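# Examining the three-dimensional arrangement
Chain by chain, the residues:
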Amino acid sequence: MRLHLNENTAGCSPAVLEALRALGRLDAGFYPEYDAAVAAAAECFGVPPEYVLLTNGLDEGILASAGAALRERTGRVPEALGVSPAFDMYDACVTALGGRMVTVQMGDDFRLPVSRLLDAVTPETRIVYLANPHNPSGCAEPLDTLRRIAREVAPAMLFADEAYADFSGETLIAPDAFAALPNLAVGRTFSKAYGIAGLRVGAVIAAPELLEPMRRVVPPYTLNAWATAALPVAIRDRAYRDWYLRESQESRRLLSAAIGTLGLQTWPSAANFALVRVGDRVGQIVEALAAKGIRVRDRSQEPGCEGCIRITAGLVDDTRRAIAALEEILCGARR
Ligand SMILES: Cc1ncc(COP(=O)(O)O)c(C=O)c1O
């Protein structure tokens, strides 16, 4: 059981699989056309198509935003700002492109340290990366807090990573959002709720002027034909996505109850995973779960996540099995 990467543990919708099976030699032979996929994504997010940049997973959207933000050189090293712990691609992309990733440590409650974050803005700050819900804790911030940060960090870009917004049900994307906040870019992915992580489709949504330099970073045929064909079908199958959201929500509830019973610490997650503090024996627990065929993510090496693992909250049946295994390992160890 793959409970370590927050994927859709049920996979893609059957309608997507059918659409992929219908593809043929010419789909493989020709460069893809993106109009239908962009139109479907734009409709899904409720924005005009020119506000959408499709990317090869949100990972590429993060890379494109770093490439665009760090492009101009003044003689000093350009900076990106974020929190710690965080999704590791922000640091990886910024560093690879010659920028400096500056991070502000979160407290034990995993709330955004807003004033310390704003204090860390310098004249070199070009972009601020914040995931909402946060990864790895799953905690969600009020949207007004993020809007305030966007206003205060301007002209730097706020890249609001909404990889898990399908699960929280809250998004900064709104018809007038980008007129009010021209420095706001929102990252989304179809890897999680829509179950097409293997096909690699993400999107950056922003005002056309902010997107333009990112478009120049992303190669013209970045989505392959299979991903391009799958996207509109995945978006149309709303019932499948909604069913999975309900499974994940129930899994979160079960996980949270079990973690409480086991006397472990967790945080209120609005995403499809939970961070759990299992303590000093974290390495052994991860190994014991792996021996039972259950992969979870060891986050214990990151500051603020000491003794923690992250578990995907996907299909309810998988979650029940994971809980039973965790109970067996922890209670066995106490005896
Ligand atoms: C916070 C966050 N942002 C972005 C991504 C990347 O998603 P994608 O699969 O679309 O590249 C992930 C994937 O785990 C994530 O957790």
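Residues numbered from 1 in each chain as written. Predicted model: local features only at pLDDT ≥ 70, side-chain atom pairs only at ≥ 80, totals over all residues. Heavy atoms only, no water.

### Quick word on the overall build of the protein chain
Stated precisely, the cut-off is as follows: Each helix corresponds to a stretch of at least 4 residues labelled H or I by DSSP, and each strand to a stretch of at least 2 residues labelled E; elements are numbered beginning at the N terminus. Two things to know: the radius of gyration comes from C-alpha atoms, and the globule rule equals 2.2 Å times the number of residues to the power 0.38. Think of it in three bands: with a 1.4 Å probe and only protein chains considered, a residue is buried below 20% of the maximum accessible area for its type, exposed above 50%, and partly exposed in between. Accessible surface area values rest on a Shrake-Rupley calculation with a 1.4 Å probe, where residue burial reflects the displayed protein chains alone. The sign given to each residue is positive for Lys and Arg and negative for Asp and Glu; His and the chain ends receive no count. Throughout, a charge is located at the NZ atom of Lys, the CZ atom of Arg, the CG atom of Asp or the CD atom of Glu.
Broken down by element type, the protein chain carries 14 helices and 11 strands. Computed over its C-alpha atoms, the radius of gyration of the protein chain comes to 20 Å, within 12% of the 20 Å expected for a compact globule of 335 residues. Judged by the C-alpha coordinates and their principal axes, the protein chain covers about 60 × 55 × 30 Å. The burial tally for the protein chain puts 56% of its 335 residues in the buried class. Element-wise, carbon and sulfur atoms account for 53% of the exposed surface of the protein chain, whose accessible area totals about 14,700 Å². With 35 positive and 40 negative side-chain charges, the protein chain shows a spacing of 3 Å between the two charge centroids.

### Focus: the sheet that holds strand β11 (residues 308–312)
Definition in use: Strands are treated as partners if at least two bridges between them are detected by DSSP. Only heavy atoms enter the contact rule, under which two residues are in contact if any of them lie within 4.5 Å. Here, axes are lines fitted to C-alpha atoms. For helices the fit covers the stretch in contact, and angles between N-to-C directions go from 0 to 180 degrees.
Strand order in the open sheet formed by 4 strands is β8-β9-β11-β10, and the pairing between neighbours is antiparallel. Looking at which strands have only one partner, the edges of the open sheet turn out to be β8 (265–266) and β10 (297–298). As defined by bridge partners, strand β9 (residues 273–277) adjoins β11 across 5 bridges and the pair is classed as antiparallel. Considered in β11, the bridge of A274 is made with I311. Lying on the sheet, helix α13 (residues 282–291) is in contact with β10 and β11; it crosses β11 at an angle near 30°.

### Observations regarding empty space enclosed by the protein
The condition that has to hold: Grid points spaced at 1 Å over the protein atoms alone were grouped into cavities, where a 1.4 Å probe fits but cannot get out, and pockets, open sets with protein on both sides within 12 Å along at least five of seven lines, with lining residues defined by an atom within 4 Å of a point. Grid points are joined across faces, edges and corners, and a volume is the space filled by probe spheres set on the points.
A full pass over the atoms with the stated rule returns 2 cavities of 30 Å³ or more. Here the largest cavity defines a volume of roughly 80 Å³. Together, V83, M106, F110, R111, L112, L130, A131, N132, H134, C139, E141 and L146 line the largest cavity. In this structure, the second largest cavity encloses a volume near 30 Å³.

### Regarding the packing of aromatic side chains
Quick reminder of the rule: A pair of Phe, Tyr and Trp rings is counted when the ring centres sit within 6.5 Å of each other, with Trp represented by its six-membered ring. The angle between the planes then sorts it: under 30 degrees is stacked, over 60 is edge-to-face, the rest tilted. We count a charge as sitting over a ring when the NZ of a lysine or the CZ of an arginine lies within 6 Å of the ring centre and within 35 degrees of the ring normal.
One pass over the full model with this rule turns up 13 aromatic pairs. Relative to Y129, the ring of Y90 has its centre 4.8 Å away and its plane inclined at 5°; by these criteria the two rings are stacked. Placement of the pair is Y90 in helix α5 (residues 89–96) and Y129 in strand β4 (residues 125–131), with a sequence separation of 39 residues. Of the two residues, Y90 and Y129, both sit in the buried class. Linked through ring pairs, F87, Y90, Y129 and F159 together constitute an aromatic cluster. Residue placement shows R310 over the ring face of F273; its charged tip is 5.5 Å from the ring centre.

### A few points about the site of the ligand
How we decide: Each residue is tested against the molecule or strand, and it is near if at least one of its non-hydrogen atoms lies within 4 Å. Think of a polar contact as two N or O atoms within 3.5 Å of one another; within protein, one of them needs to be a possible hydrogen donor and the other a possible acceptor, and neighboring residues in sequence only count if both atoms come from side chains. Grid points define the cavity or pocket, and a molecule sits in it when more than half of its atoms lie within 2 Å of them. For this classification, the nonpolar set comprises Ala, Val, Leu, Ile, Met, Phe, Trp, Tyr, Cys and Pro, the charged set comprises Asp, Glu, Lys and Arg, and every other residue, Gly included, is treated as polar.
Taken together, the residues surrounding the ligand are G57, L58, D59, F87, N135, D161, A163, Y164, T189, S191, K192 and R200. Note that a nitrogen atom of the ligand is positioned 2.6 Å from one of the side-chain N or O atoms of D161. A distance of 2.5 Å separates an oxygen atom of the ligand from a polar atom in the side chain of T189. Relative to its free-state accessible area of 400 Å², the ligand is covered by the protein chains to the extent of 93%. Cavity membership is defined here by more than half of the atoms lying within 2 Å of grid points; on that basis the ligand lies in the largest pocket. Top contributing element to the shell around the ligand by residue count: helix α4 (residues 57–69), with 3 residues. Taken together, the residues of the shell around the ligand sort by class into 4 nonpolar, 4 polar and 4 charged.

### A few points about the sheet that holds strand β7 (residues 202–206)
Sheet architecture is open: 7 strands sit in the order β1-β7-β6-β5-β4-β2-β3, paired in mixed fashion. Of all strands in the sheet, those bounded by a partner on one side alone are β1 (52–55) and β3 (100–105). On average, adjacent strands in this sheet sit at an angle of 25° to one another, irrespective of strand direction. Taken together, the 4 bridges between strand β5 (residues 157–161) and strand β6 (residues 184–189) define a ladder with parallel strand orientation.

### Some points on the side chain of N183
Relative to the assigned elements, N183 resides in the loop between α9 (177–180) and β6. For N183, a relative accessible area of 10% puts it in the buried group. Non-local contacts of N183, meaning those with residues more than four positions away in its chain, are made with A150, V153, A154, P155, A156, M157, L158 and L210.

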